[in-house]
Amino acid sequence: MDGPNSSGYGMAVSASSGSTLIEPREDIREAAMRPVFDKGRWWKFIVGGLSAVVLLGIIAWAVQLADGLGVAGYNNRAFWAVYEADLVAFIGVSYGGAVVSAILRLTKASWRAPLTRIAEATALVTLPIGMLFIVPHLGEPSRIWELVWPPYWNLSSPILWDFIAVSTYLLATAVFFYLPLIPDAKIALERISPEDHSLKARTLRVLYRSVAGRYSGSYSDRRLLHGSIGLVAIMIIPMAVSVHSVLSFAFASSSRAGYLETIFPVYFVVAALYSGVALVVISAALLRKAYHLERYITSRHFVRLGFIIAAMGAAYLYLTFTEYLIDGYSSTRDEAAWVRQILIGRYWIPFWFYFVAAGVLPLVIIATKRFRNTKGVVVASSFIVFAMWIKRLVIVIPPATEALVKSPLKVATTTGAGHLATTASAWGTYHFTWVPISITLAATAAIPLLLLVLFKFVPILPISEMEEMAEVDEVIEAAQVAMERPGSWGGRLSTLHRGSAMTRARVYEQSRRQEQ
Amino acid sequence: MKKVLVPKIFVSVAMLVGLSTAAVWWLFPGMADAATVSNSSVAQPSLTVQASEVPGKAVATVSAVLTPLYSPTGASMVPPGAKAYFYVHLTQFQSSPLLLLGSSPLNSGGAAQISYQPTWKGQQQVVVEVENSAGKSLYQGSTSFVATRFVAPFKGTVEAIRPDGGIGRAVVVALLTIVALVWIALLATAVRVNLGMGMNASQKTASV
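Caption draft 1: Molecular detail of the confidence of the model for chain A. All names here are of chain A. Of all residues in chain A, 84% attain a pLDDT of 70 or more, and the chain-wide mean is 84. For chain A, helix α17 (residues 490–494) is the element with the lowest average pLDDT, namely 54, and helix α15 (residues 434–454) is the one with the highest, namely 96. A low-confidence stretch, residues 1–20 stays under pLDDT 50, and its non-local contacts, those more than four residues away or across chains, total 51 contacts. Under a pLDDT of 50 for its full length, residues 411–424 has, in the predicted model, 25 contacts with residues more than four places off or in other chains.

Caption draft 2: How the structure looks around the sheet that holds strand β6 (residues 122–131) of chain B. All names here are of chain B. Across the sheet, which stays open at both edges, the 4 strands sit in the order β4-β3-β6-β7 with antiparallel pairing between neighbours. In this open sheet, the two edge strands, each paired with only one partner strand, are β4 (98–105) and β7 (137–147). Between one strand axis and the next, the sheet turns by 20 degrees as a mean value, whatever way the strands run. Of the pairings in the sheet, the one linking strand β3 (residues 83–89) to β4 comprises 7 bridges and is antiparallel in character. The residue bridging His89 from the neighbouring strand is Leu98, located in β4.

Caption draft 3: Focus on helix α3 (residues 82–106) of chain A. Residue and element names in this part refer to chain A. Between its terminal C-alpha atoms α3 stretches 36 Å, which fits the 36 Å expected from 25 residues at 1.5 Å a residue. Most of α3 sits out of view: 23 of its 25 residues are buried. Trailing α3 by a residue or two, Lys108 shows a phi angle of about 55 degrees, which is positive.

Caption draft 4: View of the nonpolar core. All names here are of chain A. Ala81, Ile236, Tyr274, Val277, Val281, Ile309 and Ile384 are the most contacted members of the largest nonpolar core, which totals 148 residues. For this core, the leading source of residues is helix α10 (residues 264–290), giving 18 residues. Two domains each donate at least three residues to this core, and these are domain 1 (32–408 + 426–461) and domain 2 (470–516). Filtering out sequence-adjacent residues up to four positions away, Val281 remains in contact with Phe302, Leu305, Val377, Val378 and Ser381.

So, how was this worked out
Residues numbered from 1 in each chain as written. Chains lettered and ligands numbered in written order. Predicted model: local features only at pLDDT ≥ 70, side-chain atom pairs only at ≥ 80, totals over all residues. pLDDT = per-residue confidence, 0-100. Helix = DSSP H or I, 4+ residues; strand = E, 2+ residues; numbered from the N terminus. Contact = placed C-beta atoms within 7 Å. Pairing = 2+ DSSP bridges. Axes fitted to C-alpha atoms, helices over the stretch in contact; angles between N-to-C directions. Expected span 1.5 Å × (residues − 1). Buried ≥ 20, exposed ≤ 12 C-beta atoms within 10 Å, placed from the backbone. Core = buried A, V, L, I, M, F, W, Y, C linked by C-beta atoms within 7 Å. Domains from an automatic or database assignment.

Below, the structure is given as structure tokens:
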């Protein structure tokens, strides 16, 4: 490392450009800004196609507004269905990105760097989409006002606490996305040509200036930033746990068999983390392919994420087993009927599909060395995201369609006296219609759409972080070489083997200066 | 030729008769029902249902009587273990489902009776179904009456039996305070970073 970093490890600023002593890596900067300056036509085609799907969802919602929730397949025997499952699934997948990024930051896993921006962006875009599902779920949009305006708050309603928890988590995710963006905005600003006066260039300049603020890259700035990111990372983990726990309260605090489950809070949290990491894998794979980031997001990243997925998948399988074992063992009348319907009754196909596609298959793929590569992990993740959505349907729909008053309640097919139909059924039926399918597809399309639009303005890779990590890697490499020299300070370094990469690098730099 | 023609005629006539019968049954279902009823009316007893409000009280009495009790051959029309199930049509839902009010075994006179408290004011359509011990529906009947008094359906106070019912307000205040603190901490972090940055920019260099 030549040049300006001779006075210390990455803690000084060059007077001319404001960049840190960490050596600028042109290749990283170019790759990170590639989506911003990319002029490929494919972007317009894909964004156009995804926008059309989103438009279809908006039309479907308009039809539902005009004709009522009945057009979405809802009826008095199936009062909760696909929208509630979508709400849980989409908020769930948002959870993975932020939490994985936070955990990897706190544990100072150096390999995380190229993934953090995509993971945090995925969390940021999926969370509002998930929150929006409460609108079609409530049916009448004016009820949203009663949800958000404190004088109307029903403090004993879990839905209100869901709203409070998710809003808080959205703020945390936004701050968590914003803070690491500050140094990158400073770098990105420098890459816009001063001669470029196009609307896009002017917009980007305003955006980057407002994000970068007074960031200079000085040691104190970096320390402040690192400390703040660490603080938010610490806050976001329990917050994410609370968000999904509270989301499960909407089910667990009811009196219905299948909803009234004390295991639900932890069950929902693990499910969210499981599907969330899978979505990060899919997002990273697609963006890597689209913007040719194979050099930075490597197979190693996918395999390591695959290990996290495997751990979460095994935990989720265990919790699923526990849930049905306990309910099946205690077998009160309602619970026995519900367990039977899921395992061998009318819902056996979706349940066992989940079991195979999101339970067994990903574990087999990741456990098999032959499949443990980028393709294998992406395939496993695709199965997980879809099958976990199916699992959410299995959680939401069966208990909602089970009549609380069973044998006493009969459905009369004719109202004439003396013509009572005796085909009483304890189970209602939910039928999918084009309306919820369109709205769900629109929400799914909105994720890549928002990511593609977001990365037209924001560097896709965390430039500052990656440069820092590259520097640390080089320093560690140099330290390892030095350790092999007789009479070096290597012995001292080896005692710090368990320390973080950053700490080791700093110690090395200090030792080197002392030696000089 | 003749050998072939004769069976053809038979087949044609049979088809014609069949189609005509089907057409008559389809065009005049009432006549067909009447025919069925008249054939079976001797054997089928009817269930007479009566319902009325107890004067001055929010209580209704529903009774059902099966007549005749015996067939012409002297056999009892009420199998052992037969029960009368009393339902009322709920008016709150589109499909008007039937809510079970209660059940009572038929007495030796073929009668059963229950009392119930209407939960809404107005028309009450009551249905009675007699089932054998295997749960098979044997006879049905219905009637309606107007209830002038009713009891509130949700009279009980559920909160009283909740173990955490008494701490609700304190928990709410505590939770909202925590949420407020989290919001403040997050916003303060973002603001602190913004305000704190660039303080040492003039120094341009700093060491560890």
